[in-house]
Amino acid sequence: MKLLSIGNSFSTDAHRFLHTVAEQNLCEIDTANLFIGGCNLQTHWQNVCEDNAFYDYELNGNEAETKISIKTALQRQKWDVVTLQQASADSGIYSTYQPYLLSLAKLVREYQPQAKLYFHQTWSYENGSEHSGFLNYDRDSRKMFECIVSASEKAAESIGAQLIPAGTVIQYLRENTAEFDYENGGISLCRDTFHLSETYGRYAAAATWFHTLTGEKFTAKELENMDLKLLEVIAKAVNGGK
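All of the points below concern the structure found in this document. Counting of residues starts from 1 at the beginning of each chain's written sequence and follows it residue by residue. Only residues with pLDDT of at least 70 get local features here, since the model is predicted, and only at 80 or more are side-chain atom pairs given and counted; chain-wide, interface and lining totals rely on the full set of residues. The side-chain quantities take in all heavy atoms of the structure and omit both hydrogens and water.

Overview of the packing of aromatic side chains
- Here is the rule: rings of Phe, Tyr and Trp (six-membered ring for Trp) pair when centre to centre is within 6.5 Å. Planes less than 30 degrees apart are stacked, more than 60 are edge-to-face, and the remainder are tilted. Throughout the structure, instances matching the rule amount to eight aromatic pairs.
- With a centroid separation of 5.8 Å and an interplanar angle of 35 degrees, the aromatic rings of Tyr97 and Phe119 are classed as tilted. Here Tyr97 is found in the loop between strand E5 (81-84) and helix H5 (100-111), whereas its partner Phe119 is found in strand E6 (residues 116-120), with 22 residues between them in sequence.
- Buried residues are those whose accessible area, probed at 1.4 Å on protein chains only, stays under 20% of the maximum for their type, while exposed residues exceed 50% and partly exposed ones sit between those limits. The exposure class of Phe119 is buried, given its relative accessible area of 1%. Put simply, DSSP marks the helices as runs of H or I at least four residues long and the strands as runs of E at least two long, and each gets a number from the N terminus on.

Observations regarding the nonpolar core
- Membership of the largest hydrophobic core comes to 46 residues, with the highest contact counts inside it found for Leu173, Tyr203 and Phe218.
- Put simply, the parts of the chain that give this core at least two residues each are helix H1 (9-15), helix H2 (18-24), helix H6 (141-158), helix H7 (166-176), helix H8 (200-214) and helix H9 (228-238).
- Examining the composition of this core, we find that nine residues originate from one element, H8, more than from any other.
- In this analysis, two residues are considered to be in contact whenever any of their non-hydrogen atoms come within 4.5 Å of each other. The contact partners of Tyr203, leaving out residues within four places of it in the chain, are Phe17, Val21, Phe218, Thr219, Ala220, Lys221, Leu223, Met226, Leu231 and Ile234. In these notes, a set of buried Ala, Val, Leu, Ile, Met, Phe, Trp, Tyr and Cys residues joined through side-chain atoms within 4.5 Å is what counts as a nonpolar core.

Concerning the pattern of salt bridges
- Between Lys or Arg on one side and Asp or Glu on the other, a salt bridge is scored when a side-chain nitrogen of the former is within 4 Å of a carboxyl oxygen of the latter. What the rule picks out here adds up to eight salt bridges.
- Between Arg202 and Asp13 there is a salt bridge; the shortest N-O distance is 2.8 Å. Of this pair, Arg202 sits in helix H8 while Asp13 sits in helix H1, placing them 189 residues apart in sequence.
- Owing to a relative accessible area of 12%, Arg202 belongs among the buried residues under this scheme.
- Classification of Asp13 by relative accessible area gives buried; the value is 0%.
- Where Asp56 meets Lys67, a salt bridge forms, and the shortest distance between an N and an O atom there is 2.9 Å. With Asp56 in strand E3 (residues 55-59) and Lys67 in strand E4 (residues 67-68), this pair connects stretches of sequence that are eleven residues apart.
- Since its relative accessible area comes to 21%, Asp56 is described here as partly exposed.
- One network of salt bridges, with partners in common, ties together Asp13, Arg191 and Arg202.

Describing the pairing of strand E2 (residues 30-35)
- The buried fraction of E2 amounts to five of the six residues, a majority that puts the element mostly inside the structure.
- Strand pairing is assigned whenever DSSP identifies at least 2 bridges connecting the two strands. Examined bridge by bridge, strand E1 (residues 2-7) and E2 share six bridges and lie parallel to one another. The residue of E2 that forms the bridge with Lys2 is Asp30.
- In terms of strand pairing, E2 meets E3 through four bridges, oriented antiparallel. For Asn33, the partnering residue across the bridge sits in E3 and is Glu58.

With respect to the pairing of E6
- Across the five residues of E6, four count as buried, placing the element largely inside the fold.
- Here four bridges tie E5 to E6, and the two strands are oriented parallel to one another. Counted as the bridge partner of Leu84 is Phe119 from E6.
- Pairing of E6 with strand E7 (residues 162-164) involves three bridges; the strand directions are parallel. Bridging from a neighbouring strand, His120 pairs with Ile164 of E7.

Quick notes on the packing of H8 against H9
- At a minimum axis separation of 10 Å, H8 and H9 run at an interaxial angle of 35 degrees. Judged by the sense of rotation from one axis to the other, the crossing of H8 with H9 is right-handed. Between H8, through Tyr200, Tyr203, Ala204, Ala207, Thr208 and His211, and H9, the contact on the second element is made entirely by Leu230, Leu231, Ile234 and Val238.
- Tallied by class, residues from the contact of H8 with H9 come to eight nonpolar, two polar and no charged. Here, axes are lines fitted to C-alpha atoms. For helices the fit covers the stretch in contact, and angles between N-to-C directions go from 0 to 180 degrees. Less than a right angle of anticlockwise turn of the near helix away from the far helix marks a crossing as left-handed, whereas a clockwise turn marks it as right-handed. For this classification, the nonpolar set comprises Ala, Val, Leu, Ile, Met, Phe, Trp, Tyr, Cys and Pro, the charged set comprises Asp, Glu, Lys and Arg, and every other residue, Gly included, is treated as polar.

These values are about where atoms sit, not about what they do.
Structure, rendered in structure tokens:
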């Protein structure tokens, strides 16, 4: 599977371990991520219209070695999957999505008609976050999550895309597992209250992407210095408790 994401730092988080965990699950997923920090759908579309080569082109979770435009990336090879997403601060405000999302989806289908289109649902910030975008949700993590679910589901439906529910999995782990209940002494899945942690948070996103893209049960295996028992907690959440 060859996958291209038109995203930002949140897609970077999701891609970090995706190629590796796919290999561990006997599946080859080659990933390319177009990265501009904090880039929203409106800016993505502006960059398309101006053919701006402003994007870091990250391959298989590694740092980029070149800058590229969206159109160039779409023409680089035949992609099996293309993903779109909103910037985190705007992710729960559907009015910020359109008409840019519709335009981007139309472009993807023009350049890559065979590719399956997915929409990446991002996650809410942690309570206590000082991120300025948290004000959009009264600095309430649960409220932000509920807004993201509503907006992302509507967004995916609007372009006929399948949803990658990373935000839902992150929220489930926060609220339903003692291991990752950060407000009560568990491990935080974020490194700065909004980006995912470089270990378990990014792992949870990658596992969610794998399960959604392949339809296969996700199996946790040892990776870097992470505790396998904690990875198994994540895998169970990704697999719907199974």
